[in-house]
Amino acid sequence: LAKTTQPISMDSYEGQEVNITCSHNNIATNDYITWYQQFPSQGPRFIIQGYKTKVTNEVASLFIPADRKSSTLSLPRVSLSDTAVYYCLGASGTYKYIFGTGTRLKVLA
Amino acid sequence: DGGITQSPKYLFRKEGQNVTLSCEQNLNHDAMYWYRQDPGQGLRLIYYSQIVNDFQKGDIAEGYSVSREKKESFPLTVTSAQKNPTAFYLCASSQRESNTEAFFGQGTRLTVV
């Protein structure tokens, strides 16, 4: 499983685009990159997953460069309700979802 | 509604007592997981099960036990051997195929009094 490194915390203002980068230098060929969001006292929720290049859904975009040693979660025009912890996971076919400490995003008014 | 249900939401235990946390899913998922989360920390894997009647230790299995007698259920017992059981416990389930989304319950907050 890929070991991931993320910034511990970030602050942003409402309406701004937020980019959270995750480093995964030892990612394996079969590993996908997945991001989860967690609000206080709740279970994490899946946001987006990708293997390479760019993936976009209704919530976020995920950018993965050609070498796949990092990835960037992009949240467009954040609101106060996006204040949460964001986890980057690298996983392949082992059924084990390994969470690091995540990035604590605080959106300010 | 399909989903994963944990109960109870809050649980208090006296020191030296065993306590069992419930986790039920109706998503027809083969794989289920238990995590522990301490304040300000990430999730740590306690046990996981890929199929009925089979389970594997995660990173912090000491002081915990599980069973998987039914596909829908994966109860976690916090035994008296667990020295610091006060934490937020999360259960999850997923398909067995790789790179699939994990679905989490709302968690059980266990406090030792």
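All values derive from a computational prediction rather than experimental measurement.

### Quick word on the overall build of chain B
Turning to step 1, where the next piece is worked out: Of the regular secondary structure elements, chain B holds 0 helices and 11 strands.
Turning to step 2, where the next piece is worked out: Taken from N to C terminus, the helices and strands of chain B fall in the order β-β-β-β-β-β-β-β-β-β-β.
Turning to step 3, where the next piece is worked out: The C-alpha radius of gyration of chain B comes to 13 Å, within 12% of the 13 Å expected for a compact globule of 113 residues.
Turning to step 4, where the next piece is worked out: For the C-alpha atoms alone, the extent of chain B along its principal axes is close to 40 × 25 × 25 Å.
Turning to step 5, where the next piece is worked out: Buried residues in chain B amount to 50% of all 113 residues.
Turning to step 6, where the next piece is worked out: Nonlocal contacts in chain B, meaning residues at least 24 apart in sequence, comprise 53% of its contacts between residues at least 6 apart.
Turning to step 7, where the next piece is worked out: As presented, chain B carries roughly 5,500 Å² of accessible surface, and 45% of it is formed by carbon and sulfur atoms.
Turning to step 8, where the next piece is worked out: Computing the positive centroid from 12 side-chain charges and the negative centroid from 12, chain B places the two 7 Å apart.

### A few points about a nonpolar patch on the surface
Turning to step 1, where the next piece is worked out: A surface patch of nonpolar side chains, about 370 Å² in accessible area, is lined by B:Y10, B:F12 and B:V113.
Turning to step 2, where the next piece is worked out: Mapped onto the fold, B:F12 is located in strand β2 (residues 10–13).

### Quick word on the side chain of B:H29
Residues and elements named next belong to chain B.
Turning to step 1, where the next piece is worked out: Tracing the sequence through the fold places H29 in the loop between β3 (19–25) and β4 (31–37).
Turning to step 2, where the next piece is worked out: Relative accessible area serves as the criterion here: at 5%, H29 is assigned to the buried category.
Turning to step 3, where the next piece is worked out: Engagement of the side chain of H29 in a polar contact is seen with the side chain of S93, the distance being 2.8 Å.
Turning to step 4, where the next piece is worked out: Those residues within four positions of H29 in sequence are excluded, and the remaining contacts are R68, K71, S93, S94, Q95 and F103.

### What about the sheet that holds strand β2 (residues 18–23) of chain A?
Residue and element names in this part refer to chain A.
Turning to step 1, where the next piece is worked out: Sheet architecture is open: 4 strands sit in the order β2-β7-β6-β5, paired in antiparallel fashion. Two strands lie at the open edges of the sheet, namely β2 and β5 (53–56), each paired on one side alone. Averaged over all pairs of adjacent strands, the angle between their axes in this sheet comes to 15°, without regard to strand direction.
Turning to step 2, where the next piece is worked out: Where strand β6 (residues 61–64) meets strand β7 (residues 70–75), 3 bridges bridge the pair, whose relative direction is antiparallel.

### Some thoughts on the confidence of the model for chain B
Turning to step 1, where the next piece is worked out: Confidence in the prediction of chain B, expressed as mean pLDDT, is 93, and 97% of residues score 70 or more.
Turning to step 2, where the next piece is worked out: Ranking the helices and strands of chain B by mean pLDDT puts strand β7 (residues 64–66) of chain B first, with 98, and strand β5 (residues 43–51) of chain B last, with 93.

### Points about the pattern of salt bridges
Residue and element names in this part refer to chain B.
Turning to step 1, where the next piece is worked out: Evaluation of the coordinates by the stated rule reveals 3 salt bridges over all chains.
Turning to step 2, where the next piece is worked out: The residue K71 makes a salt bridge to D30 at a minimum N-O spacing of 3.6 Å. Here D30 lies in the loop between β3 and β4 and K71 lies in the loop between β7 and β8 (76–78), a separation of 41 residues in the sequence.
Turning to step 3, where the next piece is worked out: Residue class for K71 comes out partly exposed when judged on its relative accessible area of 23%.
Turning to step 4, where the next piece is worked out: Here R44 ties to D38 by a salt bridge, and the two come within 2.8 Å at their closest N and O atoms.
Turning to step 5, where the next piece is worked out: Relative accessible area serves as the criterion here: at 39%, R44 is assigned to the partly exposed category.

### A short note on the interface of chain B and chain A
Turning to step 1, where the next piece is worked out: Counting residues at the interface gives 25 residues for chain B and 23 residues for chain A.
Turning to step 2, where the next piece is worked out: Here chain B meets chain A over a buried area of about 1,900 Å², counting both sides, of which 51% is carbon and sulfur.
Turning to step 3, where the next piece is worked out: The three residues of chain B that bury the most area against chain A are B:L43, B:N99 and B:F104, which together make up 26% of that side's buried surface.
Turning to step 4, where the next piece is worked out: At the junction of chain B with chain A, the criterion picks out 4 residue pairs in polar contact (both at pLDDT 80 or more).
Turning to step 5, where the next piece is worked out: Among the elements that take part in the side of chain B that touches chain A, β5(B) stands out by supplying 4 residues, more than any other.

What counts and how
- Residue indices begin from 1 for each chain and proceed along its sequence in written order.
- Lettering for chains starts from A, numbering for ligands starts from 1, and both go in the order in which the items are written.
- Under the rules for a predicted model, residues below a pLDDT of 70 receive no local features and side-chain atom pairs below 80 are neither given nor counted, while totals for whole chains, interfaces and linings still include all residues.
- Only hydrogens and water are set aside; all other atoms, that is, all heavy atoms of the structure, feed into the side-chain values.
- By the criteria applied, helices consist of DSSP H or I runs no shorter than four residues and strands consist of E runs no shorter than two, each listed in order from the N terminus.
- To get the radius of gyration, use the C-alpha atoms; to get the globule rule, take the number of residues to the power 0.38 and multiply by 2.2 Å.
- Partly exposed residues are those whose accessible area sits between 20% and 50% of the maximum for their type, while under 20% is buried and over 50% is exposed, using a 1.4 Å probe and protein chains only.
- Contacts are assigned to residue pairs that have any heavy atoms within 4.5 Å of one another.
- Areas reported as accessible are Shrake-Rupley estimates using a 1.4 Å probe. Residue values count occlusion only from the protein chains shown.
- All tallies of charge rest on Lys and Arg as positive and Asp and Glu as negative; His and the ends of each chain are not included.
- Charge positions come from single atoms, namely NZ of Lys, CZ of Arg, CG of Asp or CD of Glu.
- Candidates for patches are residues over 30% relative accessible area with no salt bridge; among them, like charges are joined within 9 Å and nonpolar side chains (Val, Leu, Ile, Met, Phe, Trp, Tyr) within 5 Å.
- We define a salt bridge as a contact between a side-chain nitrogen of Lys or Arg and a carboxyl oxygen of Asp or Glu at a distance within 4 Å.
- Whenever two N or O atoms come within 3.5 Å, that pair is a polar contact, provided that in protein one can donate a hydrogen and the other can accept it, and provided that, for residues adjacent in sequence, both atoms are side-chain atoms.
- By the convention used here, strands pair only if DSSP detects at least 2 bridges between them.
- Only the stretch in contact is used when fitting a helix axis, every axis being a line fitted to C-alpha atoms; angles between N-to-C directions are given from 0 to 180 degrees.
- Per-residue confidence from the prediction method is given by pLDDT, with values spanning 0 to 100.
- Buried area is understood as the total, over both parts, of accessible area removed when two parts are fitted together, assessed with a 1.4 Å probe.

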